Amino acid sequence: MLPTASVDEVPPRLDDWSVLTRLLGLLSPYWGEVAASVLCALFATALQIINPLLLSIAIDKYFLHHEPAIDWLRIWLPQDAQRGLLLLSVLFFAGVVLSFLFQSLHAYLAQSSGQKAMADLRHRIFTHLHRLPVAFYDVTPVGRLVTRATTDVEALNDLYTNGIVSVLANSVMTLCFLAAALHLNSHLSIVLLAFLPLFTIMTLCFRRIITRSQQYGRILLARINSFIAENVGGIDVVHLFNRQKPHLERFDEMNSAYNTTSMQWVTANAWFMPVVEILGTISQAALLFMGAWLLQDGQLSIGVIVAFLQYATLFLRPIQEIGERYGVLQSSVVSAEKVFGLLDMPLSRLQDGGASPALAHAEIEFDHVWFAYKGDEWILQDVSFKVASGESLAIVGHTGAGKTTIVNLLLRFYEPQRGVIRVGGVDIRSIPASSLRNRFGVVLQDTYVREGSILDNLRFGALGDTEAQVHRAAEKTGLLMMADHFSEGLHTQVHERGDNLSSGQKQLIAMARAMARDPDLLILDEATANVDSETEERMQKAVEMFLRGRTSVIIAHRLATILHADNIIVMHKGRVAESGNHRALIHARGLYWRLCQLQYGEVATDLVRR
């Protein structure tokens, strides 16, 4: 039984002509190489047509001493058998060598243009991924996207080199061999053509089975990739909770389903190829029977029969090659549908270009903002607040209250369904997303670091940062002191996902990276959550100094880090429940006071004096 697939796993079905048209569009920059490849295939075909004729002449003229059926070669051949056979042998050998050279050049040019086109396609996919809305990544596993950009693109290369160019060349070869066969004998040609409908019917019968199994095979492979990526990324947690066995059982289940689906394709292909071979053998037998009957009537010679059998083999060989590659081609078509389906995903409207309006100041304002990630499940409801230029706003509340959503809206990862968000008095929907984000320095709790040196990570996203700015930021956050413990200092190489760094060290990098950017708007989301007490105290002093003169939004669970914020809003069930500074909220004895009680107990009353 084939597995079921979710809607996002199955792209819209594209007909083969649409796939062909779009793939040819990718090849348009390399039409010269494509044309040269097809031309080489034509030269090789022409040489393959001549060689059976040479063999036919040798048999009829020099062995059986009959006049050859090929009139236009008769005047060029010597009467002496020894000289004539030597000449024909040289021509035959030269034809084989030249055909080999042209076929090799054809294959090289086809592969070369295909690889270049696929490199362009990978670039296009990666660019497209950066322009998709963030909501797309909320529901799409990373492993599936990796499969699209790697495995499926390579399958597209097979579709081009073994599909488009091969089918085009084989079609031309088939027509040329058919023309040569018709020239030799029309009766035998009719027998040969009679088998074409059988090949066509058989191919159509197997197509549905192969295509369907390949579609679901790709889906399962993407699931396996996602599962492996997820497990490797959290391997320490898997071992911590002793989940190796359940995860292995789940993997075996997915792997078994993929194997079952693959075997359906293998079984269909295993039947397909012998049927092709049997039809080819039957066609050869029919030709021999008809040839013998025509030979008795004196309508053709033995040399013509030998040449025609070779043409029949050459005529059927391209069809057999298409049959041999049919499963691969169907798999490639499925991959093409998925790749083009990804490229057809609508781009984020938040990436619109245009001139960025001048912002007179760095004030932030939420004006009756409503937002839901899905339907009418409102995460934010009628949220309004204002952060004056140069002031700091702290946002607190229980998990799921909407704190991070406010940041996502402010950075234009999403747009509110109702209300307006303004920065510098300007509706942020009129500001290009890239221009808006250039104004912000952001430090998130889940820190992103990339492969390269620590210094490379500090320069990541830099806006003309000088070395002096980077080093000052590293010194103020304590990152420079931390880096001194490494033999290469700031030039220490960071491994994938920062696996050779602690959470606190990665947090220091994120803080220094934001400082080095010298922004006028700052967002801190639990910026000191993963550092030790000593480092936190040093970072807190650096943060307080860094916040001076900058408009900042601080999300915090540890209330001690926001005591000096100019204003604090308390989020509760998507609404602003309270607002004010620390002292006013403590005296109000509301939600904020209760949060302090939960965190500090009796010590909460001492916070009033701060």
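Cut-off values and rules
- Residues numbered from 1 in each chain as written.
- Predicted model: local features only at pLDDT ≥ 70, side-chain atom pairs only at ≥ 80, totals over all residues.
- Heavy atoms only, no water.
- Phe/Tyr/Trp six-rings, centres within 6.5 Å; stacked < 30°, edge-to-face > 60°.
- Helix = DSSP H or I, 4+ residues; strand = E, 2+ residues; numbered from the N terminus.
- Lys NZ or Arg CZ within 6 Å of the ring centre and 35° of its normal.
- Pairing = 2+ DSSP bridges.
- Axes fitted to C-alpha atoms, helices over the stretch in contact; angles between N-to-C directions.
- Contact = heavy atoms within 4.5 Å.
- Parallel < 35°, antiparallel > 145°, perpendicular 65-115°, else oblique.
- Left-handed = near helix turned anticlockwise from the far one by under 90°.
- Nonpolar A, V, L, I, M, F, W, Y, C, P; charged D, E, K, R; others polar.
- Buried < 20%, exposed > 50% of the residue type's maximum accessible area, 1.4 Å probe, protein only.
- Expected span 1.5 Å × (residues − 1).
- UniProt positions renumbered as here; feature names shortened; annotations may be inferred.
- Salt bridge = Lys/Arg side-chain N within 4 Å of Asp/Glu carboxyl O.
- Core = buried A, V, L, I, M, F, W, Y, C linked by side-chain atoms within 4.5 Å.
- pLDDT = per-residue confidence, 0-100.

K.L.:
Quick question: what am I supposed to make of the packing of aromatic side chains here?
P.N.:
Working definition: an aromatic ring pair is given by the centre-to-centre distance plus the angle between the planes. Following the criterion strictly, the structure yields 8 aromatic pairs and no others. Ring plane angle 25 degrees and centroid distance 6.5 Å describe the contact between Phe227 and Phe251, whose orientation is recorded as stacked. Residue Phe227 is found in helix 9 (residues 196-233), and its partner Phe251 is found in helix 11 (residues 244-296); the two are separated by 24 residues along the sequence. Through successive ring pairs, a cluster of aromatic residues spans Phe371, Tyr373 and Tyr414. Lying across the ring of Trp370, Arg418 places its NZ or CZ 4.8 Å from the centre.

K.L.:
Help me out: how do you make sense of the pairing of strand 2 (residues 378-387) in this one?
P.N.:
The side chains of a regular strand alternate, residue by residue, between the two faces of the sheet. Bridge analysis of strand 1 (residues 364-372) against strand 2 gives 6 bridges, and the strand direction is antiparallel. Across the sheet, the residue bridging to Ile364 is Val387, located in strand 2. Here strand 1 folds back onto strand 2, and the loop between the two strands holds 5 residues, one of which, Gly375, carries a positive phi near 55 degrees.

K.L.:
Teacher, can you tell me more about the sheet that holds strand 3 (residues 392-397) here?
P.N.:
The strands making up a sheet associate through hydrogen bonds between their backbones, and the pairing can be parallel or antiparallel. Spatial ordering of the open sheet is given by 6-9-10-3-11-12, a layout of 6 strands whose pairing is mixed. Each edge of the sheet is formed by a strand with only one pairing partner; in this case those strands are strand 6 (440-443) and strand 12 (575-580). Averaged over neighbouring strand pairs, the angle between their axes works out to 15 degrees when direction is ignored. The strands that helix 22 (residues 591-600) touches are strand 3, strand 11 (567-572) and strand 12; relative to strand 11, the one it contacts most, it runs at about 85 degrees.

K.L.:
Hey, could you run me through the sheet that holds strand 2 in this one?
P.N.:
Judged by pairing direction, the sheet is antiparallel, and its 4 strands sit side by side in the order 2-1-4-5 without closing on themselves. Two strands in the sheet have a free side with no partner beyond their single neighbour: strand 2 and strand 5 (426-427). On top of the sheet, helix 14 (residues 403-410) reaches strand 1, strand 2 and strand 4 (418-423); it is set at about 110 degrees to strand 1, its chief contact.

K.L.:
Would you explain the packing of helix 2 (residues 31-63) against helix 4 (residues 81-131) in this entry?
P.N.:
Between two packed helices, both the angle of their axes relative to each other and the distance between the axes serve to describe the pair. It is at 8 Å that the axes of helix 2 and helix 4 come closest, and there the two elements cross at 160 degrees. As summarised for this structure, helix 2 and helix 4 are arranged roughly antiparallel, according to the angle between their axes. Taken as a pair, helix 2 and helix 4 cross one another with a handedness that is left-handed. Of the residues contributing to the contact of helix 2 with helix 4, the split by class is 23 nonpolar, 10 polar and 2 charged.

K.L.:
Can you help me understand the packing of helix 17 (residues 467-477) against helix 19 (residues 503-517) in this one?
P.N.:
Where helix 17 contacts helix 19, the two axes come as close as 8 Å, and the packing angle between them is 135 degrees. Classified by the interaxial angle, the pair formed by helix 17 and helix 19 is oblique. The handedness of the crossing between helix 17 and helix 19 comes out as right-handed. Here helix 17 contributes Gln469, Val470, Ala473, Ala474, Lys476 and Thr477 to the contact with helix 19, which in turn contributes Leu508, Met511, Ala512, Met515 and Ala516. Of the residues contributing to the contact of helix 17 with helix 19, the split by class is 8 nonpolar, 2 polar and 1 charged.

K.L.:
Is there a simple way to explain the environment of Arg22 in this structure?
P.N.:
Note that Arg22 resides in helix 1 (residues 16-27). Classification of Arg22 as partly exposed rests on a relative accessible area of 26%. Spatially, the C-alpha atoms of Arg22 and Phe340 are 8.5 Å apart, while their sequence positions differ by 318 residues. Aside from chain neighbours lying at most four places away, what touches Arg22 is Arg124, Phe340 and Asp344.

K.L.:
In this structure, what is going on with helix 11? I would like to understand it.
P.N.:
Side chains that are three or four residues apart share a direction in an α-helix, a result of its 3.6 residues per turn. Look at helix 11: 77 Å from first C-alpha to last across 53 residues, which is about the 78 Å you get at 1.5 Å a residue. Looking one or two residues past helix 11, Gly298 carries a phi angle of roughly 75 degrees, positive in sign.

K.L.:
Looking at this structure, I do not really get the UniProt feature "transmembrane region" (unreviewed entry) in the chain. What am I missing?
P.N.:
The UniProt entry lists residues 34-64, 85-109, 159-182 and 188-210 under the feature "transmembrane region" (unreviewed entry), expressed in the numbering used here. Counting secondary structure, residues 85-109 comes out at 100% helix and 0% strand; the distance between its end C-alpha atoms is 36 Å.

K.L.:
How should the pattern of salt bridges be read in this particular structure?
P.N.:
The tally for this structure, following the rule as stated, stands at 11 salt bridges. Residues Glu154 and Arg122 are paired through a salt bridge, measuring 3.2 Å at the closest nitrogen-oxygen approach. Residue Glu154 is located in helix 7 (residues 151-184), and its partner Arg122 is located in helix 4; the two are separated by 32 residues in the primary sequence. Glu154 sits in the partly exposed class, given a relative accessible area of 35%. Here Arg422 and Asp367 are joined by a salt bridge, their closest N and O atoms 3.2 Å apart. Of this pair, Arg422 sits in strand 4 while Asp367 sits in strand 1, and the two are 55 residues apart along the sequence. Put simply, Glu365, Asp367 and Arg422 are held in one network by salt bridges that share partners.

K.L.:
Help me out: how do you make sense of the nonpolar core in this one?
P.N.:
One recurring pattern in soluble globular proteins: nonpolar side chains tend to sit buried together. Ranked by size, the top nonpolar core spans 43 residues in total, and within it Leu458, Leu479, Leu524, Ile562, Ile568 and Tyr592 carry the most contacts. Apart from residues no more than four positions distant in its own chain, Tyr592 is found in contact with Val396, Leu559, Ile562, Leu563, Ile568, Val570, Glu578, His582, Leu585 and Ile586. Among the nonpolar cores identified, the runner-up in size contains 32 residues, and Phe199, Met202, Ile210 and Phe315 belong to it.

K.L.:
Would you explain the side chain of Asn457 in this entry?
P.N.:
Relative to the helices and strands, Asn457 is located in helix 16 (residues 454-459). Look past the residues within four positions of Asn457 in its chain and what remains in contact with it is Val449, Arg450, Gly452, Val494, Ile509 and Arg513.

K.L.:
How should the confidence of the model for the chain be read in this particular structure?
P.N.:
One rule of thumb: low pLDDT means the predicted coordinates there are not for detailed reading. Chain-level pLDDT for the chain is 79 on average; 85% of the residues reach the 70-or-more range. Within the chain, the lowest mean pLDDT, 60, falls on helix 3 (residues 71-74), and the highest, 94, falls on strand 1. In the model, residues 1-8 has pLDDT below 50 throughout and makes 18 contacts with residues more than four positions away in sequence or in other chains.

K.L.:
Which parts of the structure should I look at to understand unusual backbone geometry?
P.N.:
Trans peptide bonds make up most of the peptide bonds, and negative phi angles are found at most residues other than glycine. Residue Asp382 is not a glycine yet carries a positive backbone phi of 55 degrees. For Asp382, the location among the structural elements is in strand 2. Asp382 gets classed as partly exposed once you look at its relative accessible area, which sits at 33%. Positioned with a positive phi, Arg412 is a non-glycine residue whose angle comes to about 60 degrees. Here Arg412 shows up in the loop between helix 14 and strand 4.

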